[in-house]
Amino acid sequence: MLLQGIVLGFAIAAPVGPIGLLCIRRTLRYGPLMGFFTGFGAAIADTIYGAIAAFGVSTALTFLRGHETAFQLVGGLFLLVVAIRTFRQQPDAEEREAAAAPDSKSWIGGFMTGLSLTLTNPATIMAFIAIFAGFGLGGTLDRVEASTLVLGVFLGASLWWLTLSMGVAAVRHRISDRGLVMLNHCTGVALAGFGLWALGMAATNIAATAG
């Protein structure tokens, strides 16, 4: 059960989405610990959603499904704000900002970004529900099995973010400031795409409800 949880946590965290892009960028800019804590916030959110799915908390699942549009709106707007800020950042400006406001590159700041972006992504909980259902897990587990599975999800997701941040840090010396500028632009565009997709889904849901 623990191994199953590790595999599930690793597999759900691994696809490169907005958190993955931020983890890469922050690792390059501030070092592997900052990148890891950004991903670690997402790992905690994955664990929370994994626990909801594993323990079969029907009330929480109903709430999440019933407020999917609100989560998409909040997550989409948050992503757009992060995207604009990321796109406009220059390496020199980032260094001046960090010197003037140390909290801007704090581990807790990275952690909260990863946590909030993942918690406002309803696709995460839906992915857990679908996977658990497909493997016959979820409501059929007793407390010990569910707890073991959730621990595995936490370990697997954390392992992915540690692997990604350390891997990126290993090639940091090969990337110039110009490369960082290009990364900021590409990351900003990609994050904006994710944000617009979330807002589009929310608009579709609102239109369907109104219809």
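On a predicted model such as this, the values are computed, not experimentally measured, just so you know.

Draft legend 1. Structural detail: the overall build of the protein. The helix and strand inventory of the protein stands at 10 helices and zero strands. Secondary structure elements of the protein, listed N to C terminal, follow the sequence α-α-α-α-α-α-α-α-α-α. Counting all 211 residues of the protein, 42% fall into the buried class. Across the protein, every contact between residues at least 6 apart in sequence was considered, and the portion connecting residues at least 24 apart equals 89%. Total accessible area on the protein stands at roughly 10500 Å², and carbon and sulfur atoms take up 71% of it.

Draft legend 2. Representation of the packing of aromatic side chains within the structure. Overall, the coordinates contain seven aromatic pairs when judged by the stated rule. Seen from their ring centres, Phe36 and Phe37 are 5.7 Å apart, and the 75° between their planes marks the pair as edge-to-face. Aromatic pair Phe37 and Phe40: ring centres 6.2 Å apart, planes at 75°, arrangement edge-to-face. Of the two residues, Phe37 and Phe40 both sit in helix 3 (residues 32-55), three residues apart, roughly one turn of that helix. Among the residues examined, Phe37 registers a relative accessible area of 23% and is labelled partly exposed. Taken together, the ring pairs in this structure connect Phe36, Phe37, Phe40, Phe111 and Phe154 into an aromatic cluster.

Draft legend 3. Fine view of the packing of helix 2 (residues 18-30) against helix 7 (residues 107-119). Look at helix 2 against helix 7: their axes get within 10 Å of each other, and the N-to-C directions meet at 165°. In terms of axis orientation, helix 2 runs roughly antiparallel to helix 7. When the axes of helix 2 and helix 7 are compared, the crossing they make is right-handed. The segment helix 2 lies against helix 7, with Ile19, Leu22 and Arg26 engaging Gly109, Gly110, Thr113, Gly114, Leu117 and Thr118. Of the residues in the contact of helix 2 with helix 7, the class split is three nonpolar, five polar and one charged.

Draft legend 4. The arrangement of helix 7 in detail. For helix 7, which comprises 13 residues, the first-to-last C-alpha distance of 18 Å matches the rise-based estimate of 18 Å (1.5 Å per residue) to within 8%. Listed as buried for helix 7 are Gly110, Phe111, Thr113, Gly114, Leu115, Leu117 and Thr118.

Draft legend 5. Quick peek at the side chain of Ser158. With respect to the helices and strands, Ser158 occurs in helix 9 (residues 143-170). Side-chain polar atoms of Ser158 contact the backbone oxygen of Phe154, separated by 2.8 Å. In this structure, Ser158 is in contact with Phe36, Phe40 and Ala43, ignoring residues within four places of it in sequence.

Draft legend 6. Here's a closer look at a nonpolar patch on the surface. There is a patch of nonpolar side chains on the surface, built from Leu2, Leu151 and Leu155 and spanning about 230 Å² of accessible area. With respect to the helices and strands, Leu155 occurs in helix 9. Residue Leu155 is classed as partly exposed on the basis of its relative accessible area of 37%.

Draft legend 7. Up close: the nonpolar core. Counting 18 residues, the largest nonpolar core has Ala13, Ile19, Trp160, Trp161 and Leu164 as the members making the most contacts within it. Elements with a contribution of two residues or more to this core: helix 2, helix 3, helix 7 and helix 9. Once residues lying within four places of it in the same chain are set aside, the contact partners of Leu164 are Gly20, Cys23 and Ile24. Ranked by size, the runner-up nonpolar core spans five residues in total, among them Ala54, Ala146, Leu149 and Val150.

Cut-offs applied
Residues numbered from 1 in each chain as written. Predicted model: local features only at pLDDT ≥ 70, side-chain atom pairs only at ≥ 80, totals over all residues. Heavy atoms only, no water. Helix = DSSP H or I, 4+ residues; strand = E, 2+ residues; numbered from the N terminus. Buried < 20%, exposed > 50% of the residue type's maximum accessible area, 1.4 Å probe, protein only. Contact = heavy atoms within 4.5 Å. Areas by Shrake-Rupley, 256 points an atom, 1.4 Å probe, with all protein chains shown as cover. Phe/Tyr/Trp six-rings, centres within 6.5 Å; stacked < 30°, edge-to-face > 60°. Axes fitted to C-alpha atoms, helices over the stretch in contact; angles between N-to-C directions. Parallel < 35°, antiparallel > 145°, perpendicular 65-115°, else oblique. Left-handed = near helix turned anticlockwise from the far one by under 90°. Nonpolar A, V, L, I, M, F, W, Y, C, P; charged D, E, K, R; others polar. Expected span 1.5 Å × (residues − 1). Polar contact = N/O pair within 3.5 Å; in protein donor to acceptor, adjacent residues only side chain to side chain. Patch = residues over 30% accessible without salt bridge, like charges linked within 9 Å, V, L, I, M, F, W, Y side chains within 5 Å. Salt bridge = Lys/Arg side-chain N within 4 Å of Asp/Glu carboxyl O. Core = buried A, V, L, I, M, F, W, Y, C linked by side-chain atoms within 4.5 Å.

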